[in-house]
Structure formats: structure tokens, C-alpha cells
Amino acid sequence: MKMTLRWYGPGYDTVSLENIRQIPGIKGVVTSLMGKLPGEVWTDEDIAELQAAAKEGGLDILAFESINISDDIKIGGAKRDEHIANYIKSLEAAGKAGIQTICYNFMPVFDWTRTDLWREREDGSFVLAYNQEVIDQVDVTKLKESMEEMSGGHLLPGWEPERMDRIRELFDAYKDVTEEDLFQNLVYFLNAIEDVCSKYDIKMAIHPDDPAWPIFGLPRIITNKEQIVRLLTTVDKPHNNLTFCSGSLGTNPKNDMVEIIHAAKGRIPFAHLRNVRHNSPTDFEESAHLSSDGSVDMYELIKALHDTGFDGIYRPDHGRMIWGEKALPGYGLYDRALGASYMEGIWEALEKAGK
Ligand code: DNO
């Protein structure tokens, strides 16, 4: 099991590799080519440059998070096969560079969604939060503006401005796409990339939808155990795997995440661990990692990973903004470092107790 931190790469991240490297137990970073649009090819040169930048900071890249999937692939649109061919080229380049874990998601239009990126807690820390009542009142045509306002001018990962500019067009394109269509398009994509994945032993690790239910009337298909098991069994191949994310699956208190880890045993090459505190049936916030601060029992989750022989990479995922830090929402240094140490402590205790 290898502890990592997400690093957004040169020019994007406020956290330096120098600092990341000093977190005890860190084995590498997970990163992405932030300037690439979904559907574009990642070349050998692009990847070599990113690897060199990480190396210069003394760290290896252990996974790509994410090589994003275009909406044409998700919708089954006119450019689907062209974009899949490009994706295969990107995987070829990743495989050649020795990067074998690829995190991605299949959420329509946008990645994870929060309504508040700077909610102040009692102790003066700031956290990401979600309130369904706010979402229900959002005018999707003004989503770009509201997100810019909420993110305090930071570029929010997963909400590329290019995508936001096409928001109306994208909503139209998804009008007739059902959950089943989306699922079948995911299966089509996974089957199409199987060869290149086998060639380089690449593990595709789908990230769950966040929050774990449909929003803005768009279909969502990776929200619970049944859907995850269906995907893993429909494409029952070594390249089809899950990024287990406690922050995403944990948004829905009905998800039994220990059960999900057991159901996906052997198919979790990557884990994102963060805690969620449910304040009401329609409101949650991202708390500190500690079990006592949130609604998720982190010990039970890490124990389930340990019990199922997890030997992939994991990361503390989002953290609170503390000690006056200013960083990308969720991606400061300090609280993620605390989270990483806490998890390493649980893992060490589990290892020693098992002996
Ligand atoms: C949130 C992240 C997600 C994740 C993507 C994977 O901070 O966990 O943005 O990287 O959903 O494609």
C-alpha cells in the first residue's frame, strides 16, 4: 500500500513537491496534464515533461488522476470513436512511461459538485460543503458564474472553463441519455480500450459519482454497491477497476462502504480516503479525516481495505483549509498531511495487530 498526494503540476498547484516529499510515508504523487481537454491525446513528450518535473521534486508519478473522458464518449456522440482512439494513444503513452493506474470518472458534464467551497467551521477552518436545497435552486445556465464565485477565483479541478462555456449545449446533448445508455457507453469504452490496457497491464479505476446521486436531472451510474458490482461483473477483466472514494460514496449515508470494499475485493487499485459529516438529510461537509470528526468510521474502512488485501495506492483526498493556508479548495498541504499521517497510523496498527 502506497501513500500518495494529489499534485496538480507546475503552474497549477500551490503546494510544492518539496513540501509533499516531507510528509512521512509519501511514496509519490498522482497527477494529470491539466491543460488537456477531454478527447485530446497525451503524447510521450507531454508525459515525459510531467515526469521530469515530479522527479526534479524527488517524487515519482504513481497514477494519472485523471485522464478525463469526453462527453462524446459518455453520450455516444459523433466523435466517440475518434476520442476513444485518442484515449488509446494516451494510454499507450502512459503505459510506455510505466504509469499503470488511471483514475477517471463517467459523470455527465461535470466532475464532483459542492455548493460551498469555503464553509467556515466552529474552529475557524474552512471546508467544502454541499446542500441539496441550494442545488435545487441553481440555474444551470449560470453555473459557471456561481462556481467561479464559490471557488474564490481558483480554478476548480474538474470544472474546466471550456466545459462550462458549453453548458447549455451539453445539457441538450444529454437530454435523451438514460442511465442505461450511459452504462452501455461506459461498457463500450472499456471494451474498446482493453487491448492497450492488457499490453501495459494498465488498471483503469473509475471514480464514483460525487455526490452519489443524480443531480441537475443528469444520469449518474456509479453511486452505490449494486452499480459498482454491475460494472465490475459486466466487464470482468483485469483492466476494469474501482477508485474507492469514501468522500464520494460516503455522501449517501445509505452506502455501507465496508460492504462495498468487500464486494470490490481485488479490484481496488486506488483509494481516496476522506471523511464526511452529515449535518442533516440534505446537507454535508467534508470534515477532518479523524473518525470522531465526521460520520464515516475511517478505522473500519481502512480495516476493510487491509482485510481484503489492498496493496494499491491511496491518498488522503480533500482536506480542510487550516492554519491560514490559501490553496485550491480541498487541496491544501496541512490537513492532507495530517490525514495521511492518521491513515498511516491506522495502517501500522492493523499490520502490527495482525502479526
Ligand atoms: C475530487 C477528485 C475527483 C476525481 C475525479 C476522477 O477531488 O476525487 O475530481 O479526481 O472524479 O476522475
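Further up the page is the structure itself.
All of the points below concern the structure found in this document. (Residues numbered from 1 in each chain as written. Predicted model: local features only at pLDDT ≥ 70, side-chain atom pairs only at ≥ 80, totals over all residues.)

1. Things to note about the overall build of the chain
- The helix and strand inventory of the chain stands at 15 helices and 12 strands.
- At 19 Å, the chain has a C-alpha radius of gyration in line with the 20 Å of a compact globule built from 355 residues.
- Projecting the C-alpha coordinates of the chain onto the three principal axes gives extents of approximately 50 × 45 × 40 Å.
- Within the chain, buried positions represent 42% of all 355 residues.
- Residue pairs in contact within the chain that sit at least 24 positions apart in sequence constitute 73% of those at least 6 positions apart. (Helix = DSSP H or I, 4+ residues; strand = E, 2+ residues; numbered from the N terminus. Rg over C-alpha atoms; globule rule 2.2 N^0.38 Å. Buried ≥ 20, exposed ≤ 12 C-beta atoms within 10 Å, placed from the backbone. Contact = placed C-beta atoms within 7 Å.)

2. Some details on the packing of helix H14 (residues 298-307) against helix H15 (residues 334-353)
- Contact geometry of H14 with H15 gives a least axis separation of 10 Å together with a crossing angle of 55°. Taken as axis vectors, H14 and H15 run oblique relative to one another. Taken as a pair, H14 and H15 cross one another with a handedness that is right-handed. When H14 is examined against H15, the residues Met298, Tyr299, Ile302, Lys303 and His306 are found in contact with a partner set consisting of Met343, Ile346, Trp347 and Leu350. (Axes fitted to C-alpha atoms, helices over the stretch in contact; angles between N-to-C directions. Parallel < 35°, antiparallel > 145°, perpendicular 65-115°, else oblique. Left-handed = near helix turned anticlockwise from the far one by under 90°.)

3. Here we look at helix H9 (residues 179-192)
- Given a rise of 1.5 Å per residue, 14 residues ought to cover 20 Å, and the 20 Å separating the end C-alpha atoms of H9 matches this to within 8%.
- Every buried residue of H9 is accounted for by Leu182, Asn185, Leu186 and Phe189. The buried residues of H9 occupy an angular sector of 100° when projected down its axis, which confines them to one face.
- As for H9, its buried residues are in contact with helix H3 (71-75), helix H4 (80-96) and helix H11 (225-234). (Expected span 1.5 Å × (residues − 1). Arc of directions from axis to C-beta.)

Just geometry here; none of it tells us what the structure is for.
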